[in-house]
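Reading the structure
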Amino acid sequence: MFVGLVGKPSAGKSTFFRAATLAPAEIASYPFTTIEPNTGMGFVKVDCVDREFNVNCNPRTGFCENHTRFVPVKIVDVAGLIPGAHKGLGRGNQFLDDLRQADVLIHVVDASGSTNEQGNPVEPGSRNPSDDVRFLEEELNLWYEGILRKPWEKFAKQTYMEHHKVHDAIARQFSGLNATPEIVNGIISALRLDADNPLKWSEGNLKDFAVELRKATKPILIAANKADIETAGENIRKMQQDFPDGIIVPCSAESELALREAAKEKLISYIPGDDDFEISSGSLSQQQKNALSSIKSTIAKFGSTGVQDCLNKAVFDLLKYIAVFPGGVNKLADQHGNVLPDCMLLPPDSTALDFAFQLHTDIGEGFIKAIDVKTRKAVGKEHVLGNRDVIEIVTRK
Ligand SMILES: Nc1nc2c(ncn2[C@@H]2O[C@H](COP(=O)(O)OP(=O)(O)O)[C@@H](O)[C@H]2O)c(=O)[nH]1
Ligand SMILES: [Mg+2]
């Protein structure tokens, strides 16, 4: 799972990134992969199944607090988006390249409207953040269109002459952007495009196709950031009206960062995403107390700081992924004694066989049957898995 953070300068991407990737002290001993600068591990929260089995789990990656499992997801802070990025302006191409592999995007928007399109400060409330949402979508759509249009003529001729299947050929072209033949096929039918002869596609068809492909492979959740600022309330309502189908999450990255830092210093006890925290240290300065009290009223208003919510909603509501735990009917631990060591995030409609292949190619190839550990019932290859299933694979290998 790979989440890309996007947005104009000064919207709060880096603050969101630092907050989301700041690990609580409890997992300080886990090796932390910083693959490149701006790439780190965040987490999605899953209601852990260990409670149902009356055990405490020992996660191999991530951690579990109070039977809430924090499952790692890769997050990338993609800086440098300016108008014209798709034409290579600024660090445009680099910015877009960083996004290629992203499964989902979180668009960090300055919902308080205190920065203009370049990210420079303006009178709070004077910038309409809905414009930022439109601009970013447009920029990404144009990028996709460019990738499609550049080689199109040659590509369409070749596909037609050599009798390739159009959806396979396009999916290959876009595989770096997570397109699959199924996705491409779905769009071709939805738009009623000529599936046999791409030479017949009009300019408008190409544009529409690019837009749909972008939506399918880079869905966007809107983090309405700086919600702690007064002017955000009205703007968030406006955004909800302007994008009734969008997922818009009020969010205060700065508050989340402050809470995680305070929790790490053991000044407060706070579980990321919770609607409250408790002060656990007597030695707070008046300034710290004031800051925490203002954060308390922000999260009381929205139910949380929103940062954890953004990640959870991106993975489970927008992508509709499910969390599946490998386990055995007779044994929930691995050979090292770690109970329910893994929790895997799988795309919707994943089958028992897909899960087996995710575990290991050998396990998939030797698949005999799967067992739903909660019900102890055997299921076949095609069995579609559900969220929080615990699955044992019986394999020849
Ligand atoms: N009030 C408020 N300010 C924020 C919030 N998140 C970020 N900021 C501030 O906005 C400015 C830009 O943040 P930064 O993370 O560097 O933005 P980036 O350019 O998108 O990476 C900084 O001064 C942050 O402290 C927030 O939730 N609330
Ligand atoms: Mg930044």
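Before going into details, it helps to say that this report is about the structure given with it.

Parameters and conventions
Residues numbered from 1 in each chain as written. Chains lettered and ligands numbered in written order. Predicted model: local features only at pLDDT ≥ 70, side-chain atom pairs only at ≥ 80, totals over all residues. Heavy atoms only, no water. Helix = DSSP H or I, 4+ residues; strand = E, 2+ residues; numbered from the N terminus. Buried < 20%, exposed > 50% of the residue type's maximum accessible area, 1.4 Å probe, protein only. Contact = heavy atoms within 4.5 Å. Areas by Shrake-Rupley, 256 points an atom, 1.4 Å probe, with all protein chains shown as cover. Polar contact = N/O pair within 3.5 Å; in protein donor to acceptor, adjacent residues only side chain to side chain. Near = heavy atom within 4 Å.

**Remarks on the overall build of the protein**
What the protein contains, in helices and strands, is 13 helices and 14 strands. With respect to the three principal axes, the spread of C-alpha positions in the protein is 75 × 65 × 35 Å. A burial count over the protein gives 47% of its 397 residues as buried. Restricting to contacts in the protein with at least 6 residues of sequence separation, those with at least 24 account for 68%. By element, 48% of the accessible surface of the protein is carried by carbon and sulfur atoms, the whole surface being about 19,100 Å².

**Some thoughts on the side chain of His167**
Along the polypeptide, His167 turns up in helix α5 (residues 166-173). At 3.4 Å, the side chain of His167 forms a polar contact with the side chain of Asn185. Discounting residues that sit within four places of it in the chain, His167 has contacts with Pro181, Val184, Asn185 and Ile188.

**Observations concerning the site of ligand 1**
Contacts to ligand 1 come from 15 residues, most closely from Ser10, Lys13, Thr15, Asp228 and Glu254. Ser14 is positioned such that a nitrogen or oxygen atom in its side chain is 2.9 Å from an oxygen atom of ligand 1. Take Asn225: an N or O atom from its side chain is 3.1 Å from an oxygen atom of ligand 1. Protein chains bury 72% of the 580 Å² of accessible surface belonging to ligand 1 in isolation. Of all the elements in the fold, those that place two or more residues in the shell around ligand 1 are α1 (13-21) and α9 (253-264).

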